[in-house]
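Commentary on secondary and tertiary structure
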Amino acid sequence: DAGVTQTPRHEVAEKGQTIILKCEPVSGHNDLFWYRQTKIQGLELLSYFRSKSLMEDGGAFKDRFKAEMLNSSFSTLKIQPTEPKDSAVYLCASSRDRGVYEQYFGPGTRLTVL
Amino acid sequence: AQSVTQPDARVTVSEGASLQLRCKYSYSATPYLFWYVQYPRQGLQLLLKYYSGDPVVQGVNGFEAEFSKSNSSFHLRKASVHWSDSAVYFCAVSYGGSGNKLIFGTGTLLSVKP
């Protein structure tokens, strides 16, 4: 099976721009997670979907961050408008949804906001 | 609140030496426990997991971890490290009731000296 796919791998944006990051989970996985990773804050959960329903939306990220699951095999994370403090690596992960299962991570998108 | 503590931000060992990376969690019941590794410019990869049973679990590349309920710990070990083990290691816990949501520690950067 193919792993989690994330595009683009790198993104450079000007302050105030809108950017959209994309994620394709492992086929058959119904749980999908978006994380932000920085050296200072570590791994922070942005959103958690189960079977396309939003289960958790990171409180600190609600105002400019919006994750969507358009179908079971595709998700987007929109940041609007971007700010320099959004510079980070954004990771997508997926998991099976019956029982407790490990998460499989994509390679991440490195976002730089100028 | 549930939490995961990795007390060592950075560990340096010589190639061929043994290794222990520490992880402690706070929760009254037994959680589901994971160790992930992150190589530079990559996503997180699962090393091993513990759900129940034998407290010593084997993982990939010679890694193992031991669960201790009395100490609320899940330390990662390797008998003989290789320079290619240099990476960031994350301990994570899931509490079942939260679906497959993981709580991550802050990570330990392992540097292996040749």
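Residues numbered from 1 in each chain as written. Chains lettered and ligands numbered in written order. Predicted model: local features only at pLDDT ≥ 70, side-chain atom pairs only at ≥ 80, totals over all residues. Heavy atoms only, no water.

1. What about the interface of chain B and chain A?
Interface extent is often summarised as the accessible area lost during association of the parts. On the side of chain A, 22 residues touch chain B, which itself brings 20 residues to the contact. In total, about 1,500 Å² of surface goes out of reach between chain B and chain A, with carbon and sulfur atoms giving 54% of it. Three residues stand out in chain B for area buried against chain A, namely L44, N100 and K101 of chain B, and they jointly supply 38% of the buried area on that side. Across the chain B-chain A interface, the total number found is 2 salt bridges. Across the salt bridge formed by K101 of chain B and E56 of chain A, the nearest N and O atoms sit 2.9 Å from each other. Where chain B packs against chain A, one counts 6 residue pairs in polar contact (both at pLDDT 80 or more). Within the residue set of the side of chain B that touches chain A, elements represented by two or more residues are β5 (32–38), β6 (44–50) and β10 (87–94) of chain B. Considering each element in turn, the side of chain B that touches chain A owes the most residues, 4 residues, to β5 of chain B. Here the side of chain B that touches chain A is built from residues that sort into 9 nonpolar, 8 polar and 3 charged. (Contact = heavy atoms within 4.5 Å. Buried area = accessible area lost by both parts, 1.4 Å probe. Salt bridge = Lys/Arg side-chain N within 4 Å of Asp/Glu carboxyl O. Polar contact = N/O pair within 3.5 Å; in protein donor to acceptor, adjacent residues only side chain to side chain. Helix = DSSP H or I, 4+ residues; strand = E, 2+ residues; numbered from the N terminus. Nonpolar A, V, L, I, M, F, W, Y, C, P; charged D, E, K, R; others polar.)

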